[in-house]
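Coordinate inspection notes
Listed below are the residues making up each chain.
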4 protein chains.
Amino acid sequence: LAGFSITVRVYYEDTDAGGVVYYANYLRFMERARTEWLRALGYEQDTLIREEGLLFAVRSASVNFIRPARFNDLLEVNATLSELKRASVTFEQQVLLSDQTIAADGVVRLACLDAASLRPRPIPENLRKDLSRAG
Amino acid sequence: LAGFSITVRVYYEDTDAGGVVYYANYLRFMERARTEWLRALGYEQDTLIREEGLLFAVRSASVNFIRPARFNDLLEVNATLSELKRASVTFEQQVLLSDQTIAADGVVRLACLDAASLRPRPIPENLRKDLSRAG
Amino acid sequence: LAGFSITVRVYYEDTDAGGVVYYANYLRFMERARTEWLRALGYEQDTLIREEGLLFAVRSASVNFIRPARFNDLLEVNATLSELKRASVTFEQQVLLSDQTIAADGVVRLACLDAASLRPRPIPENLRKDLSRAG
Amino acid sequence: LAGFSITVRVYYEDTDAGGVVYYANYLRFMERARTEWLRALGYEQDTLIREEGLLFAVRSASVNFIRPARFNDLLEVNATLSELKRASVTFEQQVLLSDQTIAADGVVRLACLDAASLRPRPIPENLRKDLSRAG
């Protein structure tokens, strides 16, 4: 699952009065890609919360907004696991325009949390193995 | 608290590529006004959930989008309690431009729910009295 | 294109602290379905703005929120053209949970506007014919 | 205007099913603070677009999400100009909980763009002076 990507259509809801995608919404698109990457690995996040009592929360995000995406554009959003630690994962992500130029790119680090207490906890061994294999 | 209103500034986040407030966002502005109305009555919704185990959920909304509001406009959003039933409340609301013309108006009905089960429950007597007095 | 529908995945961005889809976001999902319906008819809205100088703006929306959709649900959102007038179109729409029960339904009326002046204008004859055939 | 801050109330619209503020929404709160900072300096952004033909666009944002803010919290969001260059400005920002602990902090860089072409242009001298004095 290196090179994993999804397509995202830009609707009015995603744009702002500048005529382009509102910059904070690239973070939404990047999250969708991470979610679908995890789903492709066989992990549904609602099941992880309910059965494993764990969730992933974004701890930091560093994003460059390079070229504007516009209403009705069809974007490609990718996600590559770049670091896997005991209780956190880091992704490198890009949002590409249809001509394959980069609209936005960034690095997002997520912590594995206990779903009830919201405190950090180690990633369970099975999940870690699957993440490691896919990254 | 008849004639209750708040002001809402339009930021980029609220607009779309049409250069105007994204229509679904008027529903957000209306909710802010209802929340502040309830707060002015002395009710904090997080306390209602935690201590009374109740929340209000929107059951229906009927909204007319009349004139566009734009980036940086300062809007007035009002909320008037128009009907108080055993387990629901209905508000009439308007979003006004700075020249007092109507950008959007509508009717929003909320049900009182048990916060855990999300099932309808009667509005507690004290709260009902305060709502009734304010409406 | 009667019975037209799309699927919508519920991401964190769509939910609120009640654990369910934030009610105003159903309006976003309904718009996505209308956009894809129009695309299936061969009309791209960015092209309509640029080449025909026209856009559709929501004039009224009346929505019932019946059952909550939750994080990670896969929804079906349909759109049926129910009325076609000289300068407006009306859709009946539903958002369905995976068990085919209705999460939300509603009626949305859109006006055809001149993209520059934002004033009402008649729907062009070709587009009207295609809408009429599909409705 | 060193130490400039605004208060932001957390509404349902800002939260997600984790019960906390959706992380991308801190970027919205930070933008509101920058906008109000500029307004306090006497600059309305809609006027800047219309009369000066310029707008500021976020070029990069690096944000740490440290402690969760929750529904109904009253946040303080500050903005400090940390760097002023020929065609860009950089802000250091914090979102504080009511106990003054940090919910999120970050650095946001904005480019000054020509509003029509969306190309970089120098910050006009008057504006630069006012920014410099306030920073």
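Our structure's up above, just so we're on the same page.
Residues numbered from 1 in each chain as written. Chains lettered and ligands numbered in written order. Predicted model: local features only at pLDDT ≥ 70, side-chain atom pairs only at ≥ 80, totals over all residues. Heavy atoms only, no water.

With respect to the relation of the copies chain D and chain A
Overlay of chain D on chain A (RMSD 0.0 Å): rotation 180°, translation along the axis 0.0 Å. This pairing of chains is accounted for by a two-fold axis. Considering only C-alpha atoms, the residue of chain D closest to the rotation axis is Ser62(D), which sits at 2.0 Å. Comparing interface residues between copies, 100% of those in chain D also sit at the interface in chain A, which points to an isologous, same-surface contact. (Least-squares fit on C-alpha atoms with pLDDT ≥ 70 in both. Contact = heavy atoms within 4.5 Å.)

Topic: the side chain of Ser88(B)
Residue and element names in this part refer to chain B. Summarising the element assignment, Ser88 is placed in strand β4 (residues 88-96). With a relative accessible area of 8%, Ser88 lands in the buried category. Setting aside residues up to four positions removed in sequence, Ser88 forms contacts with Glu83, Arg109, Leu110, Ala111 and Ile123. (Helix = DSSP H or I, 4+ residues; strand = E, 2+ residues; numbered from the N terminus. Buried < 20%, exposed > 50% of the residue type's maximum accessible area, 1.4 Å probe, protein only.)

Side note on the sheet that holds strand β3 (residues 74-84) of chain C
Pairing within the open sheet is antiparallel, and its 10 strands lie in the order β1(B)-β3(B)-β4(B)-β5(B)-β2(B)-β2(C)-β5(C)-β4(C)-β3(C)-β1(C). Because the sheet does not close on itself, it has two edges, and the strands there are β1 (4-9) of chain B together with β1 (4-9) of chain C. Each strand of the sheet is rotated relative to its neighbour by a mean of 25°, with strand direction disregarded. In this sheet, strand β4 (residues 88-96) of chain C lies alongside β3(C) in antiparallel orientation, the contact comprising eight bridges. For Val77(C), the partnering residue across the bridge sits in β4(C) and is Val95(C). (Pairing = 2+ DSSP bridges. Axes fitted to C-alpha atoms, helices over the stretch in contact; angles between N-to-C directions.)

Digging into the interface of chain D and chain B
Chain D puts 17 residues into the contact, and the matching count from chain B is 17 residues. Each partner contributes to the roughly 1800 Å² buried at the junction of chain D and chain B, and carbon and sulfur atoms together form 41% of this total. Our enumeration of links across chain D and chain B arrives at four salt bridges. The salt bridge partner of Glu13(B) is Arg32(D), with a shortest N-O separation of 2.8 Å. (Buried area = accessible area lost by both parts, 1.4 Å probe. Salt bridge = Lys/Arg side-chain N within 4 Å of Asp/Glu carboxyl O.)

Observations concerning the sheet that holds strand β2 (residues 54-65) of chain A
Each strand in a sheet pairs with another by means of backbone hydrogen bonds, the pair being arranged parallel or else antiparallel. Spatially, β1(A)-β3(A)-β4(A)-β5(A)-β2(A)-β2(D)-β5(D)-β4(D)-β3(D)-β1(D) is the arrangement adopted by the 10 strands of the open sheet, whose pairing is antiparallel. A single partner strand is all that each edge strand has here, and the edge strands are β1 (4-9) of chain A together with β1 (4-9) of chain D. Each strand axis lies, on average, 25° off the axis of its neighbour in the sheet, ignoring direction. Summarising the sheet, β1(A) and strand β3 (residues 74-84) of chain A pair through six bridges and their orientation is antiparallel. Paired with Ile6(A) across the strands is Val77(A), a residue of β3(A). Relative to β1(A), helix α1 (residues 25-40) of chain A is tilted by about 135°, and along the sheet it contacts β1, β2, β3, β4 (88-96) and β5 (102-114) of chain A.

A look at the relation of the copies chain D and chain B
Of the two same-sequence chains, chain D is brought onto chain B (RMSD 0.0 Å, axial shift 0.0 Å) by a rotation of 180°. Here 100% of the interface residues in chain D have copies in chain B that are interface residues too; the copies meet face to matching face.

Thoughts on the pattern of salt bridges
Considering all chains together, one arrives at 32 salt bridges over all chains under this definition. One salt bridge in this structure joins Glu13(D) and Arg28(B), with 3.4 Å as the shortest N-O distance. With Glu13(D) in the loop between β1 and α1 (25-40) and Arg28(B) in helix α1 (residues 25-40), this residue pair bridges two chains. The pair Glu13(D) / Arg28(B) is uniform in exposure class, with both members buried. Bridged by salt links that share partners, the residues Glu13(A), Arg28(C) and Arg32(C) form one connected network.

What to know about the environment of Thr101(B)
Residues and elements named next belong to chain B. On the secondary structure map, Thr101 appears in the loop between β4 and β5 (102-114). Placed 14 residues apart in sequence, Thr101 and Ala87 show a C-alpha to C-alpha distance of 33 Å. Filtering out sequence-adjacent residues up to four positions away, Thr101 remains in contact with Arg67, Val95 and Leu96. Within the structure, Thr101 has its side chain in polar contact with the side chain of Asp99 (distance 2.6 Å). (Polar contact = N/O pair within 3.5 Å; in protein donor to acceptor, adjacent residues only side chain to side chain.)

Focus on the packing of aromatic side chains
Tallied over the full model, the rule gives 24 aromatic pairs over all chains. Aromatic pair Tyr22(C) and Tyr23(C): ring centres 5.0 Å apart, planes at 55°, arrangement tilted. Like Tyr22(C), the residue Tyr23(C) is buried in the burial classification. Put simply, the rings of Tyr22(A), Tyr23(A), Tyr26(A), Phe29(A) and Phe65(A) touch in pairs and so form one group of aromatic residues. (Phe/Tyr/Trp six-rings, centres within 6.5 Å; stacked < 30°, edge-to-face > 60°.)

A short note on the nonpolar core
For soluble globular proteins, nonpolar side chains are generally found buried alongside one another. Counting 97 residues, the largest nonpolar core has Tyr26(B), Tyr26(C), Trp37(C) and Leu131(C) as its most contacted members. Membership of the second largest hydrophobic core comes to 94 residues, among which are Cys112(A), Leu113(A), Phe71(C) and Tyr26(D). (Core = buried A, V, L, I, M, F, W, Y, C linked by side-chain atoms within 4.5 Å.)

Let's talk about the environment of Glu83(D)
With respect to the helices and strands, Glu83(D) occurs in strand β3 (residues 74-84). C-alpha of Glu83(D) to C-alpha of Gly19(D): the two residues are 64 residues apart in sequence and 35 Å apart in space.

Quick word on the interface of chain D and chain A
By a frequent convention, interface size equals the accessible area lost on bringing the separate parts together. Contacts between the two partners involve 20 residues from chain D, matched on the other side by 20 residues from chain A. When chain D packs against chain A, the two sides together hide about 1700 Å² of surface, and 53% of this comes from carbon and sulfur. When the area that chain D buries against chain A is broken down by residue, the three leading residues are Tyr23(D), Leu27(D) and Phe65(D), summing to 29%. At the boundary of chain D with chain A, the tally comes to zero salt bridges. At the boundary of chain D with chain A, the tally comes to 11 residue pairs in polar contact (both at pLDDT 80 or more). Elements represented by at least two residues in the side of chain D that touches chain A include exactly α1 and β2 (54-65) of chain D. In terms of residue count, β2(D) provides more of the side of chain D that touches chain A than any other element does, eight residues in total.

What about the pairing of strand β5 (residues 102-114) of chain D?
All names here are of chain D. Both β2 and β5 contribute to a ladder of 11 bridges, which runs antiparallel. Within β5, the position partnered with Leu55 by the bridge is Leu113. Of the pairings in the sheet, the one linking strand β4 (residues 88-96) to β5 comprises nine bridges and is antiparallel in character. Across the sheet, residue Ser88 finds its bridge partner in β5, namely Ala111.

Here we look at α1(A)
Residue and element names in this part refer to chain A. Look at α1: 23 Å from first C-alpha to last across 16 residues, which is about the 22 Å you get at 1.5 Å a residue. The element α1 is extensively covered by neighbouring structure, given that 15 of its 16 residues are classed as buried. Looking one or two residues beyond α1, the residue adopting positive phi is Gly42, at roughly 105°. (Expected span 1.5 Å × (residues − 1).)

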